There are 2 protein chains.
Amino acid sequence: MAVERNLISGSLAMLVLKLLSERDMYGYEMIETLRARSQNVFELKAGTLYPLLHGLEDKGLLDVYEQESAGKIRKYYSITKQGRGHLEKKKKEWKEYADAVSQVLAMGV
Amino acid sequence: MAVERNLISGSLAMLVLKLLSERDMYGYEMIETLRARSQNVFELKAGTLYPLLHGLEDKGLLDVYEQESAGKIRKYYSITKQGRGHLEKKKKEWKEYADAVSQVLAMGV
DNA sequence: TTGACATATATAGATTTCCGATATAACATA
DNA sequence: TATGTTATATCGGAAATCTATATATGTCAA
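A.B. asks: Hey, could you go over the overall build of chain A for me, with residue numbers and the actual values?
C.D. replies: Along its length, chain A carries four helices and three strands. Counting from the amino terminus, chain A carries its helices and strands in the arrangement α-β-α-α-β-β-α. Each of the three principal axes of chain A carries a C-alpha extent, and together these read 60 × 30 × 25 Å. The buried share of chain A, reckoned over its 109 residues, is 46%.

This is the structure in structure tokens:
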């Protein structure tokens, strides 16, 4: 694929980075925020998110720190400069892919 | 996911069904047509397409017949009534998903 | 106060999609 | 005759995501 193979499924990483580009969040908060913003289309599972976050951290796209909030220690994730660069690239690829799909679906009979 | 898990990668099956909803085609023709319509964004591999076609046939979404064309026996694929129903459903899901992604990307800062 | 439910993080195993590599074969053209 | 294009096919593997499971805390109602 001219658009990376992982783009489509990989859109989840893009969405997470997008949320973190606005403000630091902890995992559970991302699940709830994505659900709300997408009108319940994205029902991200914890078993999907946490391995994804660890992977993004390993790649240097996110930083993590612990912070108490409402009596609980939570893990907050923060996007790095490299992460912002990655997000821009992924947004461009998503647009390219979505436009191509529209193109194919619209043409013909 | 409210949108089926396979939707996104599964968009490939949708695109193939879309082509066949216009006219019968053989495998290689689908690869070339998808490439052309998407301005080279979709570079579908033979190793992806043929197993996909066999799977769609097993599910009753496609029929196959052999026909000579330009001195060669080619396998033409034809979409079934069930296949058309499946295509409509997938198109709706794609739209739902793509809109949700746009929503998340557009909001916030 | 006890049980149920929501919050919060985490890992292991399984499934699905798709690609790379490889194989075969016919035709076109240089 | 050699090379490239057309055409179909399978196997094995990588990557993304889900299911199931585990753990622990806070909250609220019975």
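More follows now that the structure is in view.
A.B. asks: Describe in detail the environment of A:Lys59, supporting the description with residues and values.
C.D. replies: All names here are of chain A. By the element assignment, Lys59 lies in the loop between helix H3 (46–58) and strand E2 (62–69). We classify Lys59 as exposed; its relative accessible area is 59%. Expressed as a C-alpha distance, the spacing of Lys59 and Leu87, which sit 28 residues apart in the sequence, is 13 Å.

A.B. asks: How would you sum up the sheet that holds strand E3 (residues 72–79) of chain A? Please name residues and give values.
C.D. replies: Residues and elements named next belong to chain A. Here three strands make up an open sheet; going across it, the order is E1-E3-E2 and the pairing antiparallel. If you trace the sheet from one side to the other, it starts and ends with strand E1 (25–26) and E2, each paired once. Of the strand pairs in this sheet, E1 and E3 are connected by two bridges, and their pairing is antiparallel. For Tyr26, the partnering residue across the bridge sits in E3 and is Tyr76. Sheet contacts for helix H1 (residues 11–22): E1, E2 and E3; angle to E3, the most-contacted strand, approximately 100°.

A.B. asks: I'd love a proper account of the protein's contact with DNA strand D, names of residues and values included.
C.D. replies: As a matter of local geometry, DNA strand D sits amid 24 residues, with A:Ser9, A:Thr48, B:Tyr28, B:Arg74 and B:Lys75 nearest to it. For DNA strand D, the fraction of protein-proximal atoms (within 4 Å) that sit in sugar or phosphate groups is 74%. Between DNA strand D and A:Thr48, the relevant distance is 2.3 Å, taken from a phosphate oxygen to a side-chain nitrogen or oxygen of the residue. One of the side-chain N or O atoms of B:Tyr50 is found 2.8 Å from a phosphate oxygen in DNA strand D. For the surface near DNA strand D, the secondary-structure elements that each account for two or more residues are H3 of chain A together with helix H2 (27–37), helix H3 (46–58) and strand E3 (72–79) of chain B. At five residues, H3(B) tops the list of elements feeding residues into the surface near DNA strand D. When grouped by side-chain class, the residues that make up the surface near DNA strand D number eight nonpolar, nine polar and seven charged.

What counts, and at which threshold
- Residues numbered from 1 in each chain as written.
- Chains lettered and ligands numbered in written order.
- Predicted model: local features only at pLDDT ≥ 70, side-chain atom pairs only at ≥ 80, totals over all residues.
- Heavy atoms only, no water.
- Helix = DSSP H or I, 4+ residues; strand = E, 2+ residues; numbered from the N terminus.
- Buried < 20%, exposed > 50% of the residue type's maximum accessible area, 1.4 Å probe, protein only.
- Pairing = 2+ DSSP bridges.
- Contact = heavy atoms within 4.5 Å.
- Axes fitted to C-alpha atoms, helices over the stretch in contact; angles between N-to-C directions.
- Near = heavy atom within 4 Å.
- Polar contact = N/O pair within 3.5 Å; in protein donor to acceptor, adjacent residues only side chain to side chain.
- Nonpolar A, V, L, I, M, F, W, Y, C, P; charged D, E, K, R; others polar.

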